[in-house]
Amino acid sequence: MLRIHFTAADLARVHLAREPDPVWETLLSLHQLSASRRGLPVFGHWRRTARAGLAAKGLAGPARMLSVLAPASASYWPDFLTPGASADGLEAAIEELRATPRSRLRRELDRMAGAHRLPRWAHGLGAGDRTVMEEVATAFRLVHRTIVAPDWAGTARTTEADRALRTRTLRDRGVHGLLDSFRPLMVWRPPVLHVRYPEDRDLHLGGRGVRLIPSHFCWNTPIALADPTLPQVLAYPVAHPATWAPQVTRGRRAEALATAIGRTRARVLACLDTTATTGEIARRLGISAPSASEHVAALREVDLAHSRRVGAHVVHTLTPLGAALLNGELPEQRPVVPADFSPLPAAVRR
């Protein structure tokens, strides 16, 4: 269990990341490719595409370099790999990474070497070898470009669905409500946030606050920095729909969507482009609350909408598949189906 202790000053400095973090997503995506982890079905299509992309571009070496420094099986990996500047993008993160003081490199890699045998080049990195550092920076760029960037829009949609819910909770219930909304992943017992974690420790924020990072590739367990003296972040897993459809292309028009699923249901789908309660949908569209609830239930049944209780309300939002359908996007690879197969379930085609 990780116990994060907040003061009044820390509660005033709780921030939600405005977009997916490119460095965290790159390292955690490699965790999903790790042979030591059982493949999660939700990442199945992505995993095949990512492995093919790395193989086609001959990037096994760069991917392995990052995996050695941040292995999926480790309870610790160096904090210098996830610099705070990553909030401003990959290049800003790489600049801060390259400027890491030699003393910190040595300290963090020595700590890692105490639990994992490191290759000779990693010890060179700890000794301040700039050539190795440039190779690490290049590995970040190449791996991110190959396995994360191709569906960055899909990653952003998945994390934005969570961020929208958290932002709404913060607006309606304040920071205490926000921290309490993470149950059962994390439990807020003021002034301590209890986080399920692979080790037992206490983290005192001491007025610095914390940046909460919703992560597409993080799974099951949130991840915090190991060094308690650094500006603190907490990357946490977001909910994924039963189907996650990356690699999409532009296409259909709104009129075609209305023809396919019905005009009212298409308007409800469009209404979920921003989070909304059943009552808000009904008011916006001028329909009854039971009708709005019925349409949302039908969309949810086929993984186009996601519903979650936040306090006294149930908040609805689009899934990545729903966003793709709303924007006229379809998967590039289409399955072969019988001629009499209807592409949309009856619940949606009404």
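What you see is a predicted model, and the numbers here were worked out from it, not measured in a lab.

A. Inspection of the packing of aromatic side chains at higher detail. This structure, assessed with the given rule, holds 7 aromatic pairs. The interplanar angle of 25 degrees and the centroid separation of 5.3 Å between the aromatic rings of Phe 43 and Phe 217 together place this pair among those described as stacked. Placement of the pair is Phe 43 in the loop between helix 2 (22-33) and helix 3 (44-56) and Phe 217 in the loop between strand 6 (210-215) and strand 7 (223-224), with a sequence separation of 174 residues. Of the two residues, Phe 43 and Phe 217, neither departs from the other in class, the shared state being buried. Taken together, a centroid distance of 4.9 Å and an interplanar angle of 80 degrees make the contact between Phe 182 and Tyr 236 edge-to-face. On the criterion of sequence distance, the pair formed by Phe 182 in the loop between helix 9 (152-180) and strand 3 (186-189) and Tyr 236 in strand 8 (residues 232-237) is long-range, its members being 54 residues apart. In this structure, Phe 182 and Tyr 236 share a single accessibility class: buried. The structure contains a cluster of three or more aromatic residues connected by ring pairs, namely Phe 43, Trp 46, Phe 217 and Trp 219.

B. How the structure looks around helix 5 (residues 90-98). Along helix 5, the residues that are buried comprise Leu 90, Ala 93, Ile 94 and Leu 97. In a view along the axis of helix 5, the buried residues occupy a sector of 100 degrees, so they form one face of it. In the core, the buried residues of helix 5 are packed alongside helix 2 and helix 8 (130-148).

C. Spotlight on the sheet that holds strand 2 (residues 14-16). Spatial strand order, 2-6-8-7: 4 strands in an open sheet with mixed pairing. Sheet topology places strand 2 and strand 7 at the edges, where each strand pairs with a single neighbour. Sheet topology places strand 7 next to strand 8; 2 bridges connect them, and they run antiparallel. Opposite Ile 223, over in strand 8, you have Ala 235 as the bridge partner. Its contacts with the sheet put helix 2 on strand 6, strand 7 and strand 8, and the angle it makes with strand 6 is roughly 50 degrees. Packed on one face of the sheet, helix 9 meets strand 2, strand 6 and strand 8 and runs near 155 degrees to strand 2.

D. Highlighting the pairing of strand 6. Within strand 6, 6 of the 6 residues are buried, which leaves it mostly tucked inside the rest of the structure. Of the strand pairs in this sheet, strand 2 and strand 6 are connected by 3 bridges, and their pairing is parallel. Across the sheet, the residue bridging to Leu 16 is Leu 212, located in strand 6. Looking at chain direction, strand 6 and strand 8 are connected through 6 bridges and run parallel. Paired with Ser 215 across the strands is Pro 237, a residue of strand 8.

E. Expanded view of the environment of Asp 88. Of note, Asp 88 is situated in the loop between helix 4 (60-69) and helix 5. Residue classification places Asp 88 among the exposed positions, given a relative accessible area of 58%. Put simply, Asp 88 and Glu 19 are 69 residues apart on the chain and 9.6 Å apart in space, counted from C-alpha to C-alpha.

F. A look at the side chain of Thr 159. If you trace the backbone, Thr 159 turns up in helix 9. Accessibility expressed as a relative area gives 3% for Thr 159, which makes it buried. Non-local contacts of Thr 159, meaning those with residues more than four positions away in its chain, are made with Pro 20, Pro 214, Ser 215, His 216 and Val 238.

G. View of the sheet that holds strand 12 (residues 313-318). Ordered by their spatial adjacency, 3 strands build an open sheet running 10-12-11, and the pairing between neighbours is antiparallel. At either end of the open sheet lies a strand with only one pairing partner, and these are strand 10 (276-277) and strand 11 (305-310).

Calculation criteria
- Residues numbered from 1 in each chain as written.
- Predicted model: local features only at pLDDT ≥ 70, side-chain atom pairs only at ≥ 80, totals over all residues.
- Heavy atoms only, no water.
- Phe/Tyr/Trp six-rings, centres within 6.5 Å; stacked < 30°, edge-to-face > 60°.
- Helix = DSSP H or I, 4+ residues; strand = E, 2+ residues; numbered from the N terminus.
- Buried < 20%, exposed > 50% of the residue type's maximum accessible area, 1.4 Å probe, protein only.
- Arc of directions from axis to C-beta.
- Contact = heavy atoms within 4.5 Å.
- Pairing = 2+ DSSP bridges.
- Axes fitted to C-alpha atoms, helices over the stretch in contact; angles between N-to-C directions.

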